[in-house]
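# Geometric and topological summary
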Amino acid sequence: MIRTLARWWDSDLGYSFRHSPVAILAALIAAVCLFCAAFAGWVAPHNPLDLSTLELSDSRLPPVWLEGGSSKYLLGTDDQGRDIFSALIYGARISLLVSLGSVALSLLIGVSLGLLAGFKGGWVDSLLMRVCDVMLSFPSILVALLIFGVARTLFPNSGEDITFAVLVLSIALTGWVQYARTVRGSTLVERGKEYVQAARVTGVPSLRIMRKHVLPNVMGPVLVLATIQVATAIITEATLSFLGVGAPPTSPSLGTLIRVGNDYLFSGEWWITIFPGLMLVLIALSVNLLGDWLRDALNPRLN
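The sections below set out a description of the structure shown in this document. (Residues numbered from 1 in each chain as written. Predicted model: local features only at pLDDT ≥ 70, side-chain atom pairs only at ≥ 80, totals over all residues. Heavy atoms only, no water.)

## With respect to the overall build of the chain
Convention followed: Each helix corresponds to a stretch of at least 4 residues labelled H or I by DSSP, and each strand to a stretch of at least 2 residues labelled E; elements are numbered beginning at the N terminus. The rule is simple: take the accessible area with a 1.4 Å probe, protein chains only, and divide by the maximum for that residue type; under 20% is buried, over 50% is exposed, in between is partly exposed. Contacts are assigned to residue pairs with any non-hydrogen atoms lying within 4.5 Å of each other. Only four residue types enter the charge count, namely Lys and Arg as positive and Asp and Glu as negative; His and the chain termini do not. Positions of charges follow a simple convention, taking NZ of Lys, CZ of Arg, CG of Asp or CD of Glu.
If you tally the helices and strands in the chain, you get 13 helices and 0 strands. Reading the chain from its N terminus to its C terminus gives the helix and strand order α-α-α-α-α-α-α-α-α-α-α-α-α. Oriented by its inertia axes, the alpha-carbon framework of the chain measures out at about 75 × 50 × 30 Å. Burial status across the chain gives 41% buried among its 303 residues. Taking all contacts inside the chain whose residues are at least 6 apart in sequence as the whole, residues at least 24 apart take part in 69%. For the chain, the separation between the mean place of its 21 positive charges and that of its 20 negative charges on side chains is 17 Å.

## Some points on helix H11 (residues 206–242)
Rules: Between the first and last residue of a helix there are one fewer steps than residues, each counted as 1.5 Å, and that sum is the expected span. To get the bend at a residue, fit one axis to the 7 residues ending there and another to the 7 starting there, then take the angle between the axes.
Compared with an ideal rise of 1.5 Å per residue, which puts 37 residues at 54 Å, H11 spans 45 Å between its outermost C-alpha atoms and falls more than 12% short. At Leu215, H11 shows its largest bend, some 55°, and a proline, Pro216, comes one to four positions later.

## Regarding the layout of surface pockets
Note the cut-off: Only protein atoms enter the 1 Å grid, on which a cavity is a set of points fitting a 1.4 Å probe that cannot get out and a pocket is an open set with protein on both sides within 12 Å along at least 5 of 7 lines, lining residues being those with an atom within 4 Å of a point. Grid points are joined across faces, edges and corners, and a volume is the space filled by probe spheres set on the points. Classes in brief: Ala, Val, Leu, Ile, Met, Phe, Trp, Tyr, Cys and Pro nonpolar; Asp, Glu, Lys and Arg charged; the others, Gly included, polar.
Of the pockets and cavities examined, the largest pocket occupies roughly 420 Å³. Around the largest pocket, the lining comprises 16 residues; the ones closest to its centre are Ala30, Thr227, Val230, Val287 and Leu290. Counting residues per element, the ones that place at least two in the lining of the largest pocket are helix H3 (21–38), helix H5 (84–120), H11 and helix H13 (271–297). No other element matches H13, which puts 5 residues into the lining of the largest pocket. By residue class, the composition of the lining of the largest pocket is 15 nonpolar, 1 polar and no charged. Within this model, the second largest pocket holds a volume of roughly 220 Å³. Around the second largest pocket, the lining is made up of 17 residues, and of these Ser140, Thr174, Gly175, Gln178 and Gln229 lie nearest the centre. Where the lining of the second largest pocket is concerned, the elements lending two or more residues are H5, helix H6 (122–136), helix H7 (140–154), helix H9 (176–190) and H11. Take the lining of the second largest pocket: its biggest share by element is 4 residues, from H11. Taken together, the residues of the lining of the second largest pocket break down into 9 nonpolar, 8 polar and no charged.

## Digging into the nonpolar core
When a protein is soluble and globular, its nonpolar side chains tend to lie buried together. The condition that has to hold: By nonpolar core is meant a set of buried Ala, Val, Leu, Ile, Met, Phe, Trp, Tyr and Cys residues that side-chain atoms within 4.5 Å join together.
Membership of the largest hydrophobic core comes to 52 residues, with the highest contact counts inside it found for Leu88, Val98, Val214, Leu254, Met279 and Ile283. Per-element accounting of this core gives the leading share, 13 residues, to H11. For Ile283, the contacting residues outside a window of four places in its chain are Cys33, Ala92, Leu96, Ile234 and Leu254. In this structure, Val124, Leu128, Cys132 and Val177 belong to the second largest nonpolar core, which totals 8 residues.

## Topic: the packing of aromatic side chains
We count it as follows: Stacked, tilted and edge-to-face are the three classes applied to pairs of Phe, Tyr and Trp rings, where Trp contributes its six-membered ring and a pair requires centres within 6.5 Å; stacked means planes under 30 degrees apart, edge-to-face means over 60, and tilted covers the rest.
As enumerated under the stated definition, the model contains 6 aromatic pairs in all. Each ring, one from Phe35 and one from Phe39, has its centre 5.0 Å from the other, and the planes form 45°; the classification is tilted. Of the residues examined, Phe35 reaches a relative accessible area of 48% and is grouped as partly exposed. Classification of Phe39 as partly exposed rests on a relative accessible area of 38%. Summarising the aromatic geometry, the rings of Trp270 and Trp271 are spaced 5.8 Å apart at their centres and angled 80° between planes, so their arrangement reads as edge-to-face.

## Looking at the state of the cysteines
What counts here: Cysteine sulfur atoms are paired as a disulfide whenever they come within 2.5 Å of each other.
Counted by the stated rule, this structure contains 0 disulfides. Free of any disulfide, Cys36 has its nearest cysteine sulfur in Cys33, 6.9 Å distant.

## As for the side chain of Gln229
Structurally, Gln229 can be placed in helix H11. Residue class for Gln229 comes out buried when judged on its relative accessible area of 15%. Contacts of Gln229, omitting those with residues within four sequence positions, involve Val103, Gln178 and Tyr179.

## Brief notes about the environment of Ala247
Position of Ala247 among the secondary structure elements: in the loop between H11 and helix H12 (254–262). Of the residues examined, Ala247 reaches a relative accessible area of 5% and is grouped as buried. Sequence spacing of Ala247 and Gly91 is 156 residues, and the spatial spacing of their C-alpha atoms is 9.6 Å. Setting aside its immediate chain neighbours within four residues, Ala247 contacts Ile94, Phe164, Leu167, Glu237, Ser241, Ser253 and Thr256.

Structural data, given as structure tokens:
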């Protein structure tokens, strides 16, 4: 592991990273957010998901630096007396889990279908690309709402695990198209090269050629797209939760916290919605900046 990191650090990509202050800052912010989300039980001073620890008498307290604030709650409390700082950490964990899970599923579906369409061509390519065109004609939020609504109708008494699974599936089924089109275009270029033709002549099966030879050569743009799509998935999850069809109130994500705080924004309790909003912007911006750096670092025209 250490040798792998050392080789990466000495590579052209590592050199580009070391000489990009924006990428370093974005990576630090993303790493801190991931660490806090992964170890929320140890980092957060309170457990906002444990209803037995909540005190309604402490509800809607302002941040510690404002009059009426308590040192017990650094960023204040919400309408149920939950510590905003702790809720941000636990909410970021839910948002990141949903976004990473949906991006991984989108990556699996999109890369597989794009590789198949580009390598096989013919009616397979035409059929899959028409499906992509149909998916692109609908707004992603509308498709996610439709999928989530159908799932809730079929499973009205579903638990939280089913809810999160449906949320991941809803976002994934609207995000695979970009991967499919990107991989399909790169595969069309790669399938005509000499190494693919040589593999075909020697009798290597098509599936092995796609998996062992073509796939590694088309993954560069896909990794860049996946990095950027993480931020998009976070915002999509927050939008669905804000609309009330995402994460349940008992396990609030950043979108749920923003929705709850929106009811109190004009009554003076601005911290209930402002801090989750800032956290959402911070995570999405840091991931987007990393994606922009990775896109430039992997672009041979800029090197």
